[in-house]
Amino acid sequence: MAQAAEPAVPGVSVPPAEVAADASNLELLMSGDITTARGISLTVNLYNGAPVAHEVTIAWGDGTTDTATTTGGDILRNKKHTYPRPGDYTITVTATDSVNNVKVVKQLPFSTAGSFFVPHAPTRLLDTRAGVGAKQGKVGAYTPVRLKIAGNAKVPAGAAAVVLNVTATNTTAGGHVSVYPSDRTRPESSNLNYTAGQTVPNQVIVPVGKDGYIELYNGGWNSVDLIADVTGYFDRTASNGYTALNPVRFVDTREGLGAARGQVAGQGTFGVQITGRSGIPAGATAVALNVTVTNPKQAGHLTVFPSGQAAPSTSSLNFTAGQTVANSVIVPVGTDGKIDVRNGAWAGTDVIVDVVGYYSPDSKAAFTSATPGIPTGAPWRIIDSRRWTGWPCLAGGYLPLNMGHGNRNGLPIEAYALNVTVTSTTGAGHLSVAPDPNSMDAYRNGHAVTPPRPTSSTLNWTAGKDASNLVQAKPGPHGVVDLWNQSSREVHYVVDWFGEYDAY
């Protein structure tokens, strides 16, 4: 029998199947390379077979087959296949030598690299202040805390990755938080940065370790309380793919766009129609947002949740009086196609909602955190302008970011899950992330056209403080993403890759 293949990194071979021989000495070996979120490249070796034509039939396990003819003793290379949806499949290969009346059949289990999305009502999994998900008490300096994901709050054991809103609070010194699978070495990347006295949230998409756990590492000088709320997970048995959009503004209470004009009152809630706008279909089950609070009268939090449900005790972002702060949010859509936004403060605030994509049964892109050529997978650092270039992004300017594998095997990427951090700030500002219509060759050869300046925002910062946010970035046609510095001061960027949505 073939050995079960572990989900693999694209470009890295799955362990070959077990060899078997019959009286004619025909032996069949198989190995596979994961090529895309739903794709495989299979190699079949007819070892020691007679030097005559052999008919090879490949049953991919999804009801489709391919056939080929090769000579015994030869290798049938790079037979590519794309599965209609993520999942676990059994590939059956039959090699027939009609001359000698010999047939060999072998099977190879295969798991796709990609997974589809399952919305989850916002639920608190970790709160060290109350002893939820971990022992009560702050997480020590330079110390990780383990958090059970699989089997917790109905997240299944087979979940490949989880979507969390992670918050650091009760901070007394500066630091950062890194979230990563329990079975991997702590990465260089960070998910959020904080300073003394701050409460800082950020959304995280993180692979789940093989033991069903993740780890949250406090990279600060002092201890800190950590909170984590689940809003969804990725699973090979799920049915919702992802469709990226050019960021589009759905709500701006300062202008009366998508909601009543004027600040949302303290403890007030308003609804937002999601489906039927900007091409979002009625069947959309969840929506990816960037939510911004500005001009708040006092400290508080914002909660985004499906309409038709009571507001949960979780938070989507936290703010202080006068602060402008943004956070990425993935939230289920109510049965009426709406979401609700609640101001948990006792005084008013303005709210901005930008939509960057949606999940639906008709969407094809699957999420994968497997990284080409990097056995450890996500996350990995794409750029740190402080170290690698030494050049900040100029005030009002933009940085075209070449995603490198923007067209995997000649196929486009739907979107990238990036954690973007702005640092070395000397004044207030905001960052926009948008697709670039140019190729990097166009920039190198002086033929690039200036992209239109985005009107949406991705993250906001104040002088002297780092700011981070998860970005589900849609690339341009040549795999280029722009980082726009929408401020009057230069800044440095740090960008970490956490995964991508692949429609093939």
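1. Considering the overall build of the chain
When helices and strands are counted, the chain shows one helix and 33 strands. Over its C-alpha trace the chain gives a radius of gyration of 25 Å, about what one expects of a compact globule, namely 23 Å for 504 residues. By its C-alpha atoms, the chain is 85 × 55 × 45 Å across when sized along the principal axes. Per-residue burial for the chain yields a buried fraction of 58% across its 504 residues. Contacts in the chain between residues far apart in sequence, at least 24 positions, make up 77% of those at least 6 positions apart. Positive and negative side-chain charges of the chain, numbering 35 and 36 respectively, have mean locations separated by a distance of 8 Å.

2. Digging into the sheet that holds strand β19 (residues 300-306)
Taken in spatial order, the four strands of this open sheet run β17-β22-β19-β20, and their pairing is antiparallel. Strands at the two margins of the open sheet, each flanked by one partner only, are β17 (269-273) and β20 (317-319). The average angle at which neighbouring strand axes cross in this sheet is 20°, direction not considered. Here five bridges tie β19 to strand β22 (residues 338-343), and the two strands are oriented antiparallel to one another. Bridge pairing links Thr 303 to Arg 342 in β22.

3. Observations concerning the pairing of strand β11 (residues 175-181)
Most of β11 is tucked away, with six of its seven residues classed as buried. As defined by bridge partners, β11 adjoins strand β14 (residues 213-218) across five bridges and the pair is classed as antiparallel. From the neighbouring strand, Ser 178 faces β14, where its bridge partner is Tyr 217.

4. What about the environment of Glu 255?
One can find Glu 255 in the loop between β16 (241-252) and β17. For the pair Glu 255 and Asp 350, spaced 95 residues apart in sequence, the C-alpha to C-alpha distance is 9.7 Å.

5. Focus: the side chain of His 54
Inspection of the secondary structure puts His 54 in strand β3 (residues 53-59). A distance of 2.7 Å separates a polar atom in the side chain of His 54 from the backbone oxygen of Val 52. Polar contacts involving the side chain of His 54 include one to the main-chain amide nitrogen of Gly 72, which spans 3.2 Å. Once you skip the residues sitting within four places of it in the chain, His 54 turns out to touch Leu 26, Leu 46, Ala 68, Thr 69, Thr 70, Thr 71, Gly 72, Thr 96 and Asp 97.

6. Quick word on unusual backbone geometry
Residues other than glycine seldom take positive phi values, yet Ala 153 does so here, at roughly 55°. Positioned with a positive phi, Lys 154 is a non-glycine residue whose angle comes to about 70°. With respect to the secondary-structure elements, Lys 154 resides in the loop between β9 (143-148) and β10 (161-169). The exposure class of Lys 154 is exposed, given its relative accessible area of 77%.

7. Some remarks on the pattern of salt bridges
Side chains bearing opposite charge may pair, as long as their charged atoms lie close to each other. Applying the stated criterion across every chain, the model contains 13 salt bridges. One salt bridge in this structure joins Asp 354 and Arg 249, with 2.7 Å as the shortest N-O distance. Linking Asp 354 in strand β23 (residues 350-360) with Arg 249 in strand β16, this pair joins segments that are 105 residues apart in sequence. Accessibility expressed as a relative area gives 22% for Arg 249, which makes it partly exposed. For the salt bridge of Asp 441 with Arg 444, the shortest nitrogen-to-oxygen distance reads 2.5 Å. In this pair, Asp 441 and Arg 444 both sit in helix α1 (residues 440-444), three residues apart, roughly one turn of the helix. Residue classification places Asp 441 among the partly exposed residues on the basis of a relative accessible area of 43%.

8. What about the side chain of Thr 458?
The residue Thr 458 is located in the loop between α1 and β30 (459-461) in this model. At 3.2 Å, the side chain of Thr 458 forms a polar contact with the backbone nitrogen of Val 433. Apart from residues lying up to four places away in sequence, Thr 458 is in contact with Asn 290, Ala 326, Leu 431, Ser 432, Val 433, Asn 469 and Val 471.

9. A closer look at the pairing of β3
In β3, alternate side chains face the same way, and those of His 54, Val 56 and Ile 58 are buried while those of Ala 53, Glu 55, Thr 57 and Ala 59 on the opposite face are not. Taking the residues that link successive antiparallel strands as the turn, the β3-strand β4 (residues 65-71) hairpin has five residues, and the phi of Gly 61 there is positive, at about 95°. Bridging between β3 and strand β6 (residues 88-97) involves five bridges; their strand directions are antiparallel. Following the sheet pairing, Ile 58 is matched in β6 by Val 93.

10. Quick look at the environment of Arg 77
Mapping Arg 77 onto the fold places it in strand β5 (residues 75-82). A residue is classified by how much of its surface remains accessible, and Arg 77, at 55% relative accessible area, is exposed. When the C-alpha positions of Arg 77 and Met 30 are compared, they lie 9.9 Å apart, and in sequence the two are 47 residues distant.

11. Side note on the sheet that holds β10
Strands sit in the order β8-β15-β10-β13 across an open sheet of four strands; the sheet is antiparallel. For this open sheet the edge positions go to β8 (116-127) and β13 (200-207), each flanked by a neighbour on one side alone. The sheet shows a mean angle of 20° between the axes of neighbouring strands, taken without regard to direction. The pairing of β10 with β13 spans eight bridges and is classified as antiparallel. From the neighbouring strand, Leu 164 faces β13, where its bridge partner is Val 204.

12. Quick word on the confidence of the model for the chain
For the chain, the mean per-residue pLDDT works out to 90, and 92% of the residues sit at or above 70. Low pLDDT, under 50, characterises residues 1-23; the predicted model gives this stretch 66 contacts beyond four residues in sequence or across chains.

13. Description of the packing of aromatic side chains
What the rule picks out here adds up to 14 aromatic pairs. With 5.9 Å between their ring centres and 85° between their planes, Tyr 142 and Trp 221 make a pair best called edge-to-face. Linking Tyr 142 in the loop between β8 and β9 with Trp 221 in the loop between β14 and β15 (225-235), this pair joins segments that are 79 residues apart in sequence. The structure contains a cluster of three or more aromatic residues connected by ring pairs, namely Phe 117, Phe 234, Tyr 242, Tyr 359, Phe 367 and Tyr 501. Sitting over the ring of Tyr 213, Arg 146 keeps its end group 4.1 Å from the ring centre.

Cut-offs used in this document
- Residues numbered from 1 in each chain as written.
- Predicted model: local features only at pLDDT ≥ 70, side-chain atom pairs only at ≥ 80, totals over all residues.
- Heavy atoms only, no water.
- Helix = DSSP H or I, 4+ residues; strand = E, 2+ residues; numbered from the N terminus.
- Rg over C-alpha atoms; globule rule 2.2 N^0.38 Å.
- Buried < 20%, exposed > 50% of the residue type's maximum accessible area, 1.4 Å probe, protein only.
- Contact = heavy atoms within 4.5 Å.
- Lys, Arg positive; Asp, Glu negative; His and termini not counted.
- Charge placed at Lys NZ, Arg CZ, Asp CG, Glu CD.
- Pairing = 2+ DSSP bridges.
- Axes fitted to C-alpha atoms, helices over the stretch in contact; angles between N-to-C directions.
- Polar contact = N/O pair within 3.5 Å; in protein donor to acceptor, adjacent residues only side chain to side chain.
- Salt bridge = Lys/Arg side-chain N within 4 Å of Asp/Glu carboxyl O.
- pLDDT = per-residue confidence, 0-100.
- Phe/Tyr/Trp six-rings, centres within 6.5 Å; stacked < 30°, edge-to-face > 60°.
- Lys NZ or Arg CZ within 6 Å of the ring centre and 35° of its normal.

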